Amino acid sequence: MQTHTDTVLTAFRRSVRLMGNAFEITVVAEDESWASAKIDLAVAEIRRIESLLTTFSDDSQTNLINRQAGIAPVRVDWEVFELIRRSIRISGVTDGAFDITYGSIDKRLWNFDSAMTSLPDEATAKSMVRLINYRHILLDEANSTVMLKEKGIRIGFGGIGKGYAAEMAKALLQREGVQSGIVNASGDLVTWGYQPDGTPWTIGIAHPDNAHLPFSYMNITGLAVATSGNYEKYVMIGGKKYSHTINPRTGLPVTGIKSVTIISPNAEIADAMATPVTIMGIRAGLNMINQIHYLGCIIIDDDNNIYTSQNINLK
């Protein structure tokens, strides 16, 4: 006689350092070894993307493009070509507040360590950002090549790469039959399905003064959340806090906003939109988000005032 046993779902989690960040991958499954094998695949996928996009490896496609700046076009994988094309589109939507050529900023200008005791003067900062211009990325679709127009221009995927990797890992896990899970790339996360008990995932929105103390919770499924904040990396000069986020137009750090959280169906978009809203400021940032019907936004200013886009209701 067969006895019927109810299957028990469990959320299996693994933390791993990838792309210079702490990733946590959660898979809801009945069987731990099955879940572990799926997580292995997701980790391998993120590592594959990291090898394409990193600036810390001489032979990454990003560095090949940067080395040939002002010299010659570089043939790249189609996914890299498409990621760059989407990045340029986001630059257009954000009026250049998002720009992957931010890599052109001289690190001597902004190192955000204790040795930094004064801001560079405006003229120096402005001259340093001269090379930041997404319009100087030349794409040739027929040959899948990317060319940077001037010597010294450098691209980097710091503002979109984590979200892209999270989105790709999610897509792979879904193809592998994972019905529910989370890919959390150091706070930039994407969710699908439900918790083992059938309820939506509960996501804490970090308070910028205490990242371990969420000021609000959201129940979500099928959504991505990304936060950009000045609480992780900043410098104090003359009693004022300056964010590591640099305005590409002025070369000077952004002030006034502590954190921006973006909610989107897509992790890549959520990741890419958090920084430009910080740069654009509260009014212009919210105005832009309100015009994009599937995006939501929560902003906390330096005085801990909370602003939200029209479609967000905080608990």
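Structure: see above.
Described in the following lines is the structure provided in the data block. (Residues numbered from 1 in each chain as written. Predicted model: local features only at pLDDT ≥ 70, side-chain atom pairs only at ≥ 80, totals over all residues. Heavy atoms only, no water.)

## A word on the overall build of the protein chain
Selection criterion: Put simply, DSSP H or I for four residues or longer makes a helix, DSSP E for two residues or longer makes a strand, and each gets a number counted from the N terminus. Using C-alpha atoms as the atom set, the radius of gyration is obtained and then compared with a globule rule of 2.2 Å times the number of residues to the power 0.38. Each residue is assigned to one of three classes by its accessible area relative to the maximum for its type, calculated with a 1.4 Å probe on protein chains only: buried under 20%, partly exposed between the two thresholds, exposed over 50%. Any two residues whose heavy atoms approach within 4.5 Å at even a single point are treated as in contact. Reported accessibility uses the Shrake-Rupley method at a 1.4 Å probe radius. Residues are deemed covered only where the shown protein chains occlude them. In this charge count, Lys and Arg are treated as positive and Asp and Glu as negative; neither His nor the chain ends contribute. Charge coordinates come from a single atom per side chain, which is NZ of Lys, CZ of Arg, CG of Asp or CD of Glu.
A count of helical and extended segments in the protein chain gives seven helices and 15 strands. On C-alpha atoms alone, the protein chain measures out to a radius of gyration of 21 Å, which is about the 20 Å that the 2.2 N^0.38 rule sets for 315 residues. Principal axes of the C-alpha set define a box for the protein chain whose edges measure 85 × 50 × 40 Å. Looking at the protein chain residue by residue over its 315 residues, the buried ones come to 50%. Nonlocal contacts in the protein chain, meaning residues at least 24 apart in sequence, comprise 60% of its contacts between residues at least 6 apart. Total accessible area on the protein chain stands at roughly 15,400 Å², and carbon and sulfur atoms take up 50% of it. Taking the average place of the 29 positive charges on the side chains of the protein chain and the average place of its 33 negative ones, the gap between the two points comes to 6 Å.

## Description of the pattern of salt bridges
Stated formally: Basic side-chain nitrogens of Lys or Arg form a salt bridge, by our definition, when they fall within 4 Å of a carboxyl oxygen of Asp or Glu.
Counting across every chain of the model gives eleven salt bridges. When the shortest N-O distance is used, the salt bridge between Glu 45 and Arg 48 registers 2.9 Å. With a gap of three residues between them, Glu 45 and Arg 48 both fall in helix 1 (residues 32–53), about one helical turn apart. Taking the relative accessible area as the measure of exposure, Glu 45 reaches 9% and is therefore buried.

## Things to note about the sheet that holds strand 6 (residues 181–185)
Pairing between sheet strands relies on hydrogen bonds along the backbone, with the strands arranged either parallel or antiparallel. The line we're drawing: When DSSP finds at least two bridges between two strands, those strands are taken to pair. Only C-alpha atoms enter the line fits that serve as axes; for helices the fit covers just the stretch in contact. Angles between N-to-C directions range over 0 to 180 degrees.
Taken in spatial order, the eight strands line up as 1-2-6-7-10-13-14-15 in an open sheet, and their pairing is antiparallel. Sheet topology places strand 1 (10–18) and strand 15 (306–308) at the edges, where each strand pairs with a single neighbour. Each strand of the sheet is rotated relative to its neighbour by a mean of 10°, with strand direction disregarded. Bridge analysis of strand 13 (residues 257–264) against strand 14 (residues 296–301) gives six bridges, and the strand direction is antiparallel. Residue pairing across strands places Ile 257 opposite Asp 301, the latter belonging to strand 14. Running over the sheet, helix 7 (residues 282–290) touches strand 13, strand 14 and strand 15 and is turned about 170° from strand 14.

## Examining the nonpolar core
Defined as follows: Only buried Ala, Val, Leu, Ile, Met, Phe, Trp, Tyr and Cys residues count toward a nonpolar core, and they belong to the same one when joined by side-chain atoms within 4.5 Å.
Core analysis: the biggest nonpolar cluster contains 65 residues, and Ile 25, Ile 84, Val 183 and Ile 262 have the highest contact counts within it. Per element, the largest residue contribution to this core is eight residues, and it comes from helix 1. Those residues in contact with Ile 84, other than ones at most four positions away along the chain, are Ile 65, Ile 100, Ile 137, Leu 139, Val 146, Ile 155 and Phe 157. Listed in part, the twelve residues of the second largest apolar core include Trp 201, Ile 220, Ile 263 and Ile 312.

## Observations regarding the side chain of Asn 66
For Asn 66, the location among the structural elements is in helix 2 (residues 61–67). Classification of Asn 66 by relative accessible area gives buried; the value is 8%. In contact with Asn 66, not counting residues within four places along its chain, are Leu 148, Ile 153, Arg 154 and Ile 155.

## Observations concerning the sheet that holds strand 3 (residues 74–75)
On the basis of which strands lie adjacent, the open sheet formed by three strands has the order 3-5-4 and antiparallel pairing. At either margin of the open sheet sits one strand with a lone partner, and together these are strand 3 and strand 4 (137–140). The pairing of strand 3 with strand 5 (residues 145–148) spans two bridges and is classified as antiparallel. What sits directly across from Arg 75, in strand 5, is Thr 145.

## Notes on the environment of Ile 84
When you line up the elements, Ile 84 lands in helix 3 (residues 78–93). Taking relative accessible area as the criterion, Ile 84 reaches 0% and is therefore assigned buried. Through-space distance from the C-alpha of Ile 84 to that of Glu 122 is 30 Å; in sequence the pair is 38 residues apart.

## Considerations on the packing of helix 6 (residues 267–280) against helix 7
Just so we agree on the cut-off: Throughout this description, any angle smaller than 35 degrees is read as roughly parallel, any larger than 145 degrees as roughly antiparallel, any in the 65 to 115 degree range as roughly perpendicular, and the remainder as oblique.
Contact geometry for helix 6 and helix 7: axes closest at 6 Å, N-to-C directions at 140°. Put simply, helix 6 runs oblique to helix 7. Where helix 6 approaches helix 7, its residues Met 273, Val 277 and Met 280 are matched on the opposing element by Ala 284, Gly 285, Met 288 and Ile 289.

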